[in-house]
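What follows is the residue order along each chain.
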Amino acid sequence: MKIDKQAVLGALEKITVPGEGQNMVESGAVRNIQIFGDEVEVDITIRNPSLQARKKTEVEILKIIHKEVYEKAKIKINVKVDAPTKPKTNEIKGKPIPGIKNIIAVASGKGGVGKSTVTANLAVTLAKMGFKVGLLDADIYGPSMPIMFDVAHEKPLAVNVQGKSKMKPVESYGVQLLSIGFFTQPNQAVIWRGPMASKALNQMIFDAHWGDLDFMLLDLPPGTGDIHLSIMQAMPVTGAVIVSTPQEVALADARKGVAMFQQESINVPVLGIAENMAYFTPEELPNNKYYIFGKEGAKHLSEDLKVPFLGEIPLVQSIREAGDIGRPAAMQTATPIEAAFEELTKNVVREVVSRNKSLPPTEAIKITTMAGCSAVKKQ
């Protein structure tokens, strides 16, 4: 008997693909049919990877061809499994924070480059310019913002917002501030694993009443680790500012920081690189510049990586003193330090405006586990 190919197709239309609502022909599961006399060879692709689904498919094809086409047909079935990867995701889901227009992460590849100092002065300068500003001290293991803003002994109050109890950030110099430092003793070390730190951050982000903000600044821990992923998972970050000193050791780590944000799976725009401790100017010689850590290293790095250079901050004793007494140096009026931070802040604002005009909003990421390895992807 000569077997007709259309008859075989008609028979296969009566079989539903395992786990799908369409028949094998409609779904595209039937990839090829070859007929050699009384022999029929069928190539099938299914998405269900289970052995049970494969066996069921083979049995149903045998039965339907024998019943509908030719009961003595010799049938060979080639089943290929094309199962989509379904990574296991963790529980935290990134979502926008109502009322917050721009979220800027301030990061550094290594510690000791003055990232928190730059963040604090960037925040107060934005506030001086008339913006509504919030600052989240996300450096869980080394929170310094309560000291820098002279609010080390303050505690966030509870406020009722639409029937829910929320934390009210502490306000200082026009900046709304939250830090893990408000909830620990000065001599108490925070010894937490990643999930606990992430939970604390999410509480400060979503269980707080930030109100309407033009900018929220995130003071991230140094390096490129779990906290960084948790932050980018928890909220859509508008852009990142990388802080570095001019020396080669710091620049090498700053390069890694830029690379982290530029990964395709993370894709947070890098607004630029700020160079801290660019040069030393002694008080008695205000016109002299001594390049202790090297000259224009961060500027050259920004050119190499093709990201904006946001400005340079000198190494001046008064900046350190201002941070220690809890009054950021940018609060000093008519000084070179105020001018340096104003220039830096204006450049950051310019890059945010440019970024928002040319790019769509950043999505929060999902952290996934695939084959025992951590990975990240867009939501």
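Predicted model, so just to flag it, every value in this text is computed and none were measured. (Residues numbered from 1 in each chain as written. Predicted model: local features only at pLDDT ≥ 70, side-chain atom pairs only at ≥ 80, totals over all residues. Heavy atoms only, no water.)

## Some words on the sheet that holds strand E3 (residues 74–81)
The criterion, for reference: Pairs of strands are assigned from DSSP output, requiring at least two bridges between the strands. Each helix is a run of DSSP H or I of at least 4 residues and each strand a run of E of at least 2, with the numbering of both proceeding from the N terminus. Note on geometry: axes are C-alpha line fits, over the in-contact stretch for helices, and angles between N-to-C directions span 0 to 180 degrees.
A sheet is described by the order of its strands in space; here three strands give the open sequence E1-E2-E3, paired in mixed fashion. Edge positions in the sheet fall to strand E1 (30–36) and E3, since each has one partner strand and no second. For this sheet the average axis-to-axis angle between neighbouring strands, irrespective of direction, equals 10°. Two strands pair when backbone bridges link them, and strand E2 (residues 39–46) and E3 are joined in this way by eight bridges, in the parallel orientation. Bridge assignment links Val40 to a residue of E3, and that residue is Ile75.

## Some words on the packing of helix H7 (residues 248–262) against helix H8 (residues 297–305)
Note the following rule: Crossings are sorted by hand: turned counterclockwise from the far helix by less than a right angle, the near helix makes the crossing left-handed, and turned clockwise it makes it right-handed. Any two residues whose heavy atoms approach within 4.5 Å at even a single point are treated as in contact.
Between H7 and H8, whose axes approach to 11 Å, the crossing angle comes to 35°. As H7 runs across H8, the sense of the crossing is right-handed. From H7, Leu251, Ala254, Arg255 and Val258 reach across to H8, where they touch Gly297, Ala298, Leu301, Asp304 and Leu305.

## Side note on the pattern of salt bridges
To be explicit about the condition: Throughout this description, the term salt bridge denotes a Lys or Arg side-chain nitrogen within 4 Å of a carboxyl oxygen of Asp or Glu. The rule is simple: take the accessible area with a 1.4 Å probe, protein chains only, and divide by the maximum for that residue type; under 20% is buried, over 50% is exposed, in between is partly exposed.
What the rule picks out here adds up to nine salt bridges. For the salt bridge of Arg255 with Asp304, the shortest nitrogen-to-oxygen distance reads 3.0 Å. One end of the pair, Arg255, is in helix H7; the other, Asp304, is in helix H8, and 49 residues separate them in sequence. For Arg255, a relative accessible area of 38% translates into the label partly exposed. On the basis of relative accessible area, Asp304 is assigned to the partly exposed category, the value being 46%. Across the pair Asp324 and Arg320 runs a salt bridge whose closest N-O atoms are separated by 3.0 Å. Note that Asp324 and Arg320 are positioned in helix H9 (residues 317–325) at a spacing of four residues, about one turn of the helix. Taking the relative accessible area as the measure of exposure, Arg320 reaches 47% and is therefore partly exposed.

## Description of the packing of aromatic side chains
Under the convention used in this document: Side-chain rings of Phe, Tyr and Trp (the six-membered ring for Trp) are treated as a pair once their centres are within 6.5 Å; stacked means planes under 30 degrees apart, edge-to-face means over 60, and tilted covers the remaining angles. Look at NZ for Lys and CZ for Arg. If either is within 6 Å of the ring centre and within 35 degrees of the ring normal, a charge sits over the ring.
Counted according to the given criterion, the structure contains three aromatic pairs. Seen from their ring centres, Phe149 and Tyr173 are 6.2 Å apart, and the 40° between their planes marks the pair as tilted. Here Tyr173 lies in the loop between strand E9 (170–172) and strand E10 (175–179) and Phe149 lies in the loop between helix H4 (145–148) and strand E7 (157–161), a separation of 24 residues in the sequence. In this structure Phe149 comes out as buried when scored by relative accessible area, which is 1%. Ring geometry for Tyr279 and Tyr291: centres 6.0 Å apart, planes at 65°, overall edge-to-face. With Tyr279 in strand E13 (residues 270–280) and Tyr291 in the loop between E13 and H8, this pair connects stretches of sequence that are twelve residues apart. By relative accessible area, Tyr279 is classed as buried at 12%. Of note, Lys289 hangs over the ring of Tyr279, and the distance from its end group to the ring centre comes to 4.5 Å.

## Description of the environment of Ala208
Within the secondary structure, Ala208 sits in the loop between helix H5 (194–206) and strand E11 (213–219). Taking relative accessible area as the criterion, Ala208 reaches 9% and is therefore assigned buried. Along the sequence, Ala208 and Pro156 sit 52 residues apart, while their C-alpha atoms lie 9.3 Å from each other.

## Some remarks on the packing of helix H1 (residues 5–12) against helix H2 (residues 51–68)
Inclusion rule: Should an angle fall under 35 degrees it is called roughly parallel, over 145 degrees roughly antiparallel, and 65 to 115 degrees roughly perpendicular, with every other angle called oblique. Three classes are used: nonpolar for Ala, Val, Leu, Ile, Met, Phe, Trp, Tyr, Cys and Pro, charged for Asp, Glu, Lys and Arg, and polar for all others, with Gly counted as polar.
Their axes nearest at 9 Å, the elements H1 and H2 cross at an angle of 125°. Considering the angle they form, H1 stands oblique to H2. Here the hand of the crossing between H1 and H2 comes out right-handed. Of the residues in H2, those in contact with Val8, Ala11 and Leu12 of H1 are Ile61, Ile64, Ile65 and Glu68. Among the residues forming the contact of H1 with H2, the class breakdown is six nonpolar, no polar and one charged.

## Topic: the confidence of the model for the chain
The condition that has to hold: Every residue carries a pLDDT, the predictor's confidence in it, which falls somewhere between 0 and 100.
Per-chain confidence: the chain averages 82 in pLDDT, with 86% of residues scoring 70 or above. Predicted confidence is poor over residues 86–93, with pLDDT under 50, and the contacts of this stretch with residues over four places away or in other chains come to 19 contacts. Predicted confidence for residues 366–379 stays below pLDDT 50, and this span has 48 contacts to residues more than four positions away or in other chains.

## Some points on the pairing of strand E5 (residues 100–107)
Most of E5 is tucked away, with seven of its eight residues classed as buried. Note: E5 against E11, six bridges, orientation parallel. Considered in E11, the bridge of Ile100 is made with Leu213. Relative to strand E12 (residues 239–244), E5 is paired through four bridges, and the arrangement is parallel. For Ala107, the partnering residue across the bridge sits in E12 and is Ile242.

## Quick notes on a nonpolar patch on the surface
Here is the rule: A residue counts toward a patch only above 30% relative accessible area and without a salt bridge, and it is joined to like-charged neighbours within 9 Å or, for Val, Leu, Ile, Met, Phe, Trp and Tyr, to nonpolar neighbours within 5 Å. Working definition of accessibility: Shrake-Rupley area with a 1.4 Å probe, residue cover restricted to the visible protein chains.
The grouping of Leu285, Tyr290 and Ile292 at the surface amounts to a nonpolar patch, some 280 Å² of accessible area in total. Position of Ile292 relative to the elements: it lies in the loop between E13 and H8. Judged by its relative accessible area of 52%, Ile292 falls in the exposed class.

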